[in-house]
Amino acid sequence: MGIYAVKTTASQERTVADMIINREEPEIHAALAPDSLTSYVMVEAEGNAVLNRVLEDIPHARSIVPGTSDISEVEHFLSPKPDVEGIAEGDIVELIAGPFKGEKAQVQRIDEGKDQVTVELYEATVPIPVTVRGDQIRVLDSDER
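Owing to the predicted nature of the structure, the values given are computational and were not obtained by experimental measurement.

**Considering the overall build of the protein chain**
Counting its regular elements, the protein chain contains 3 helices and 9 strands. When its helices and strands are written in sequence order, the protein chain yields β-α-β-β-α-β-α-β-β-β-β-β. Radius of gyration (C-alpha) of the protein chain: 22 Å, far over the 15 Å computed for a compact globule of 145 residues. Each principal axis of the C-alpha atoms in the protein chain carries an extent, and together these give about 65 × 25 × 25 Å. The proportion of buried residues among the 145 residues of the protein chain is 34%. A separation of at least 24 residues holds for 55% of the contacts in the protein chain among residues at least 6 apart in sequence. For the protein chain, the computed accessible surface area is about 8,900 Å², with 47% contributed by carbon and sulfur atoms.

**Structural notes on helix α2 (residues 48-55)**
All of the buried residues along α2 are V50, L51, V54 and L55. Seen end-on, α2 carries its buried residues on one side only, within an arc spanning 130 degrees. In this structure, the buried residues of α2 make contact with β1 (2-8), α1 (13-22), β2 (28-32), β3 (40-45) and β4 (61-64).

**Describing the sheet that holds β4**
Each strand in a sheet pairs with another by means of backbone hydrogen bonds, the pair being arranged parallel or else antiparallel. One open sheet accounts for 4 strands, arranged β2-β3-β1-β4; its pairing is antiparallel. Both edges of this open sheet fall to β2 and β4, since each of them pairs with a single strand only. Between one strand axis and the next, the sheet turns through 30 degrees on average, direction left out of account. The pairing of β2 with β3 spans 4 bridges and is antiparallel.

**Details of the UniProt feature "domain: NusG-like N-terminal" (unreviewed entry) in the protein chain**
The positions that UniProt labels "domain: NusG-like N-terminal" (unreviewed entry) are, in the present scheme, residues 1-81. Spanning residues 1-81, this segment combines 32% helix with 27% strand, and its end C-alpha atoms are found 28 Å apart.

**What to know about unusual backbone geometry**
We note that S11 has phi near 70 degrees; this positive angle belongs to a residue other than glycine. Tracing the backbone shows S11 in the loop between β1 and α1. Even without being a glycine, E24 presents a positive backbone phi close to 55 degrees.

**Re the nonpolar core**
Among the nonpolar cores identified, the biggest contains 17 residues, and V6, I20, I28, V43, L51, L55 and I58 are the most heavily contacted of them. Elements with a contribution of two residues or more to this core: β1, α1, β3, α2 and β4. Counting residues per element, this core draws most heavily on α2, at 4 residues. In this structure, V43 is in contact with G2, I3, Y4, V6, I20, I28, A30, A31 and L51, ignoring residues within four places of it in sequence. Counting 12 residues, the second largest nonpolar core, distinct from the first, contains I87, V107, V117 and V132.

The rules behind the values
Residues numbered from 1 in each chain as written. Predicted model: local features only at pLDDT ≥ 70, side-chain atom pairs only at ≥ 80, totals over all residues. Heavy atoms only, no water. Helix = DSSP H or I, 4+ residues; strand = E, 2+ residues; numbered from the N terminus. Rg over C-alpha atoms; globule rule 2.2 N^0.38 Å. Buried < 20%, exposed > 50% of the residue type's maximum accessible area, 1.4 Å probe, protein only. Contact = heavy atoms within 4.5 Å. Areas by Shrake-Rupley, 256 points an atom, 1.4 Å probe, with all protein chains shown as cover. Arc of directions from axis to C-beta. Pairing = 2+ DSSP bridges. Axes fitted to C-alpha atoms, helices over the stretch in contact; angles between N-to-C directions. UniProt positions renumbered as here; feature names shortened; annotations may be inferred. Core = buried A, V, L, I, M, F, W, Y, C linked by side-chain atoms within 4.5 Å.

The following block contains the structure:
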């Protein structure tokens, strides 16, 4: 059993992964189409013979990359990266969602457990701490850079 990389047409990774899984082959255990991996789908299967047979009928599936991958090579695709990763206290951010959309703010505190950031709005006459989700902000300027 191994993890195989299947070359696909660009932007068709999710479609190919879905079609592979929908075949319900007992020798194929999983298919993964990570957003960060363009034109490839990772497939866990008993062998590449069964994978070759399945891929013959799937449009947009081009070929199998020779050899297998180890789980250590794909496990970073399996756990989601927190939205607050790469944000530091003191960073200048722009709020891209919510009631303060378009406002600029400075990061005061980061709660990685809840994936939230407490920011202080720039243009406010009175500094008000506002807590927002990590996916609702975009870093404009970082102290560390």
